[in-house]
Amino acid sequence: MQGRDERGISPPIPDQSTLREGSEPFVVELDKFEGPLSLLLHLIRVQDIDIFDIPLARVTRQFREAVEGNLDQAPLDAAGEFLEMAATLMKLKARMLLPRGEPEAPDEDPRAELVRRLLEYERFRQVAGVLASQEADRRLRFGRGWTPPRPPVRRERPTPGATLGDLLAAALGIRDPDPPLAHHLPRLRVTVEQKIDLVKDLLGRSKRFSFNQLVPRARKREHVAASLLACLELARRRLLRLEQTAPFGSLWIFRRP
Amino acid sequence: MDIPEAMTPEQIVEGLLFASQTPLRVDELSQAHESLDVDTVHSALEKLRKDYDREERAFQIGRLADGYQVLTRPELAPYLEKFESVPTRRALSRAALESLAVIAFRQPIGRIQLEEVRGVSCATVLRTLIDLELIEVTGRGEGLGRPLLYGTGPLFLEHFGLRSLDDLPRPEDLPKALGGGAEVLAEAGAAPPD
Amino acid sequence: MDIPEAMTPEQIVEGLLFASQTPLRVDELSQAHESLDVDTVHSALEKLRKDYDREERAFQIGRLADGYQVLTRPELAPYLEKFESVPTRRALSRAALESLAVIAFRQPIGRIQLEEVRGVSCATVLRTLIDLELIEVTGRGEGLGRPLLYGTGPLFLEHFGLRSLDDLPRPEDLPKALGGGAEVLAEAGAAPPD
């Protein structure tokens, strides 16, 4: 269900007006709802039902129709949550039919617990709405993006308090992204071979030159990639040496004697 | 190295706020130099705030959590968002927002209690929120397996631009949305926040 | 969202320089809005430079590589150093460890690629790791804003007691996201070492 995004990163926030009123049965897209409470609350609110006097027969039927129409799309655990709520509703409906005072039906309205949960959930959802608007405002304000270079200070560094074992455990615990990322590799119209020839040619003519000379700014990224690979390959073959004198500075290519 | 005399409290405070990427508290700021005490820092902050307003700088003094930070004006967001080198903050999913709302007001709370309120499984969302340091494990509960208990984490207030939890309405104080119909739903977080 | 008319070229340039993680070139700055051309950006930069001088702000327009950025004045360094000595001790979060692992095995890597692997925003975590000198900027990628690329930093080997990066496990023993093959994934993921 997209509404319950695995990573908590915003999916498009669903528009809950997908439930079209008037004609029965309702058409409900289950994945627009956070869960069974969200769906139930929606059924109640959109029909202007008094939450303290929920017509269980009607709401239960609508809820089941909504769920059953969507079961094939919902992931298993989410479907389970909706089915469990459907079962609860049916049980409540059955208990409403029993005369009060029976051992199975205590004096309290059988719906009371459900109403309490719905109201509690609804309030937290209102708080979530406040959080959402706070967040939206905060996202418009950007902090400083850069810490200026300062004279190096030899200071007692806080220890991160992690061991190599921790690091490796973290490495092994990384889940591969799913679905697998589609990497759009640029089809190289230039080859590394061509660039190697170019670099060799330049090296023959001057002892050093900058990487920028190799790749004019306007060039596309495949040129940069191919040139860089060419330089790395030649560095590996010990025909040249790469040097960068300052952070962000130009990359210099030196001919090896 | 000698501390040059020429730096005014405003300049020191301003420099610190600029160099820091996180909010700084007044007591932290006052530790930068013996000439600074809490009152001096407060008036320096106030002076900077007025300066930035009067000169219509692109940034303002913002107040977050219990500290201060220089932040760009919201009106600039459309320009800044175009640049990849400007780190943008991603919006949380509704699942994450709902879980945070519950955790903020019921902390410390275990996963089971959270799931009772929300009616759905929350394991994945908890992991995400921990990663984002919006919540943290604050202890262990009683009972079988001594379940982990969660509370709001170090970045919670900062993420939402809040000074304290008191800036949020307590769920108990919210009106019961009796017969509210669809608008109440929209208000309650169903609509995208912009 | 509409771009408000009220923002002046100075404000746009100032906001961008403030919020960008990298120095920005004039031609990059001029891409923020159609109202900006190279000349406008140059005069905005000049106006900001004069403003900051006249008002004795704690920061200046600095020029680095072929771009511009806002930097704190050098005279403030002693205060910032002093401030930095205030101990802020915090253990590495799991988010930081995971990011560090990805960077160690896939360096040089940009923020976007790192976020693709981890599935969450990593801006804060990157700053923390840079502060700790566990990672550093090793270069820049292509494209708007020329994103920074990160690799392990000076204290990485020291901190983890490694002689060289070759002491780390080979990529094929690791999850695919870190460079290993698919077959070993299950195996490697099933039993993390302790």
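Scoring rules and cut-offs
Residues numbered from 1 in each chain as written. Chains lettered and ligands numbered in written order. Predicted model: local features only at pLDDT ≥ 70, side-chain atom pairs only at ≥ 80, totals over all residues. Heavy atoms only, no water. Helix = DSSP H or I, 4+ residues; strand = E, 2+ residues; numbered from the N terminus. Buried < 20%, exposed > 50% of the residue type's maximum accessible area, 1.4 Å probe, protein only. Contact = heavy atoms within 4.5 Å. Areas by Shrake-Rupley, 256 points an atom, 1.4 Å probe, with all protein chains shown as cover. Pairing = 2+ DSSP bridges. Phe/Tyr/Trp six-rings, centres within 6.5 Å; stacked < 30°, edge-to-face > 60°. Core = buried A, V, L, I, M, F, W, Y, C linked by side-chain atoms within 4.5 Å. Salt bridge = Lys/Arg side-chain N within 4 Å of Asp/Glu carboxyl O. pLDDT = per-residue confidence, 0-100. Axes fitted to C-alpha atoms, helices over the stretch in contact; angles between N-to-C directions. Parallel < 35°, antiparallel > 145°, perpendicular 65-115°, else oblique. Left-handed = near helix turned anticlockwise from the far one by under 90°. Nonpolar A, V, L, I, M, F, W, Y, C, P; charged D, E, K, R; others polar. Patch = residues over 30% accessible without salt bridge, like charges linked within 9 Å, V, L, I, M, F, W, Y side chains within 5 Å.

(A) View of the overall build of chain A. Secondary structure summary: chain A contains eight helices and three strands in total. Listed N to C, the secondary structure of chain A is α-α-α-α-α-α-β-α-α-β-β in terms of helices and strands. By residue count, 44% of the 257 residues in chain A fall in the buried class. Expressed as a percentage of contacts within chain A between residues at least 6 apart in sequence, the contacts between residues at least 24 apart total 56%. Element-wise, carbon and sulfur atoms account for 53% of the exposed surface of chain A, whose accessible area totals about 14000 Å².

(B) Focus on the overall build of chain B. Within chain B, the secondary structure is distributed over nine helices and five strands. Scanning chain B from its N terminus toward the C terminus, one meets helices and strands in the order α-α-α-β-β-α-α-β-α-α-β-β-α-α. Considering chain B as a whole, with its 194 residues, one finds that 55% of them fall into the buried category. The contacts in chain B between residues at least 6 apart in sequence include a share of 44% that link residues at least 24 apart. If you sum the accessible surface of chain B, you get close to 8400 Å²; carbon and sulfur atoms cover 50% of it.

(C) Representation of the environment of Lys 195 of chain A within the structure. Residue and element names in this part refer to chain A. Structurally, Lys 195 is set in helix 6 (residues 192–205). For Lys 195, a relative accessible area of 8% translates into the label buried. Sequence separation between Lys 195 and Cys 231 is 36 residues, and the spatial gap between their C-alpha atoms is 8.4 Å.

(D) Highlighting the sheet that holds strand 5 (residues 148–152) of chain B. All names here are of chain B. Here three strands make up an open sheet; going across it, the order is 3-5-4 and the pairing antiparallel. Both edges of this open sheet fall to strand 3 (109–110) and strand 4 (135–140), since each of them pairs with a single strand only. When strand 4 meets strand 5, the two strands line up antiparallel, connected through five bridges. Across the sheet, Arg 140 pairs through a bridge with Leu 148, a residue of strand 5.

(E) Highlighting the packing of aromatic side chains. Enumeration over the complete set of coordinates arrives at nine aromatic pairs over all chains. Seen from their ring centres, Phe 18 of chain B and Phe 59 of chain B are 5.4 Å apart, and the 85 degrees between their planes marks the pair as edge-to-face. Taken together, the residues Phe 18 of chain B in helix 1 (residues 9–19) and Phe 59 of chain B in strand 1 (residues 59–64) connect sequence positions 41 residues apart. Centroid distance Phe 59 of chain B to Phe 59 of chain C: 5.8 Å. Interplanar angle 85 degrees. Geometry classified as edge-to-face.

(F) Up close: the nonpolar core. The biggest cluster of nonpolar side chains holds 55 residues, and the ones touching the most others in it are Leu 17 and Phe 59 of chain B together with Leu 16 and Leu 17 of chain C. In this structure Leu 17 of chain B touches Leu 24, Leu 29, Leu 45, Ile 61, Tyr 68 and Val 70 of chain B, once residues within four positions along its chain are discounted. One finds Ala 101, Phe 105, Leu 162 and Leu 168 of chain B within the second-largest nonpolar core, a separate group that totals 33 residues.

(G) Inspection of the pairing of strand 2 (residues 67–72) of chain B at higher detail. Residues and elements named next belong to chain B. Extensive coverage of strand 2 is indicated by the burial of six of its six residues. Neither face of strand 2 is exposed, since Gly 67, Gln 69 and Leu 71 on one face and Tyr 68, Val 70 and Thr 72 on the opposite face are all buried. With six bridges joining them, strand 1 and strand 2 adopt antiparallel strand pairing. Considered in strand 2, the bridge of Leu 64 is made with Gly 67. Adjacent in sequence and paired antiparallel, strand 1 and strand 2 are bridged by two residues, among which Ala 65 carries a positive phi angle near 45 degrees.

(H) Representation of the pattern of salt bridges in the model. Under the counting rule described, the total for this entry stands at 47 salt bridges over all chains. Two residues, Glu 120 of chain A and Arg 116 of chain A, come together in a salt bridge whose shortest N-O distance is 3.6 Å. Here the residue Glu 120 of chain A and the residue Arg 116 of chain A both occupy positions in helix 4 (residues 112–138), the gap between them amounting to four residues, near one helical turn. The class of Glu 120 of chain A is buried, set by a relative accessible area of 18%. Looking at Arg 116 of chain A, the relative accessible area reads 43%, which means it is partly exposed. With its nearest N and O atoms 3.1 Å apart, the salt bridge here joins Asp 51 of chain C to Arg 57 of chain B. With Asp 51 of chain C in helix 3 (residues 38–54) and Arg 57 of chain B in the loop between helix 3 (38–54) and strand 1, this pair bridges two chains.

(I) Spotlight on the confidence of the model for chain B. Residue and element names in this part refer to chain B. Within chain B, residue pLDDT values average 83, and 87% of them lie at 70 or more. The lowest-confidence element of chain B is helix 9 (residues 182–190), averaging 36 in pLDDT; the highest-confidence one is helix 3, averaging 95. When the criterion is pLDDT under 50, residues 178–194 qualifies, and its contacts beyond four places in sequence or with other chains add up to 35 contacts. Confidence estimates for the predicted assembly give a pTM of 0.61 and an ipTM of 0.66.

(J) Examining the sheet that holds strand 2 (residues 240–244) of chain A more closely. Residue and element names in this part refer to chain A. As summarised here, the arrangement of the three strands in space is 1-3-2, forming an open sheet in which the pairing is antiparallel. For this open sheet the edge positions go to strand 1 (208–210) and strand 2, each flanked by a neighbour on one side alone. If you compare each strand with its neighbour and ignore which way they point, the axes differ by 25 degrees on average. Two strands pair when backbone bridges link them, and strand 1 and strand 3 (residues 251–255) are joined in this way by three bridges, in the antiparallel orientation. Bridge pairing in strand 3 places Phe 209 opposite Ile 253.

(K) Region of the structure containing the environment of Pro 23 of chain C. Residue and element names in this part refer to chain C. Note on placement: Pro 23 falls in the loop between helix 1 (9–19) and helix 2 (26–29). C-alpha separation for the pair Pro 23 and Val 70, spaced 47 residues apart in sequence, amounts to 8.5 Å. In contact with Pro 23, other than residues within four places in its own chain, are Glu 28, Leu 64, Gly 67, Tyr 68, Gln 69 and Arg 140.

(L) Representation of the packing of helix 5 (residues 94–106) of chain C against helix 6 (residues 111–118) of chain C in the model. Residues and elements named next belong to chain C. The interhelical angle for the contact between helix 5 and helix 6, taken along N-to-C directions, is 120 degrees, at an axis separation of 10 Å. The angle between helix 5 and helix 6 falls in the class oblique. Between helix 5 and helix 6 the crossing geometry is right-handed. On the side of helix 5, the interface is formed by Ala 95, Glu 98, Ser 99, Val 102, Ile 103 and Arg 106, while helix 6 contributes Gln 113, Leu 114, Val 117 and Arg 118. Each residue belonging to the contact of helix 5 with helix 6 can be placed in one class, and the counts come to five nonpolar, two polar and three charged.

(M) Broad picture of a nonpolar patch on the surface. All names here are of chain A. On the surface, a nonpolar cluster with roughly 250 Å² of combined accessible area is contributed by Leu 228, Leu 229 and Leu 232. Along the chain, Leu 232 turns up in helix 8 (residues 221–236). With relative accessibility at 44%, the residue Leu 232 sits in the partly exposed group.

(N) How the structure looks around the packing of helix 5 of chain C against helix 7 (residues 123–131) of chain C. Residue and element names in this part refer to chain C. Look at helix 5 against helix 7: their axes get within 10 Å of each other, and the N-to-C directions meet at 75 degrees. Comparing their axes, helix 7 and helix 5 come out roughly perpendicular. Mapping the contact onto sequence places Ala 95, Ala 96, Ser 99, Leu 100 and Ile 103 in helix 5 and Val 125, Leu 126 and Leu 129 in helix 7. When the residues that make up the contact of helix 5 with helix 7 are grouped by side-chain class, the tally is seven nonpolar, one polar and no charged.

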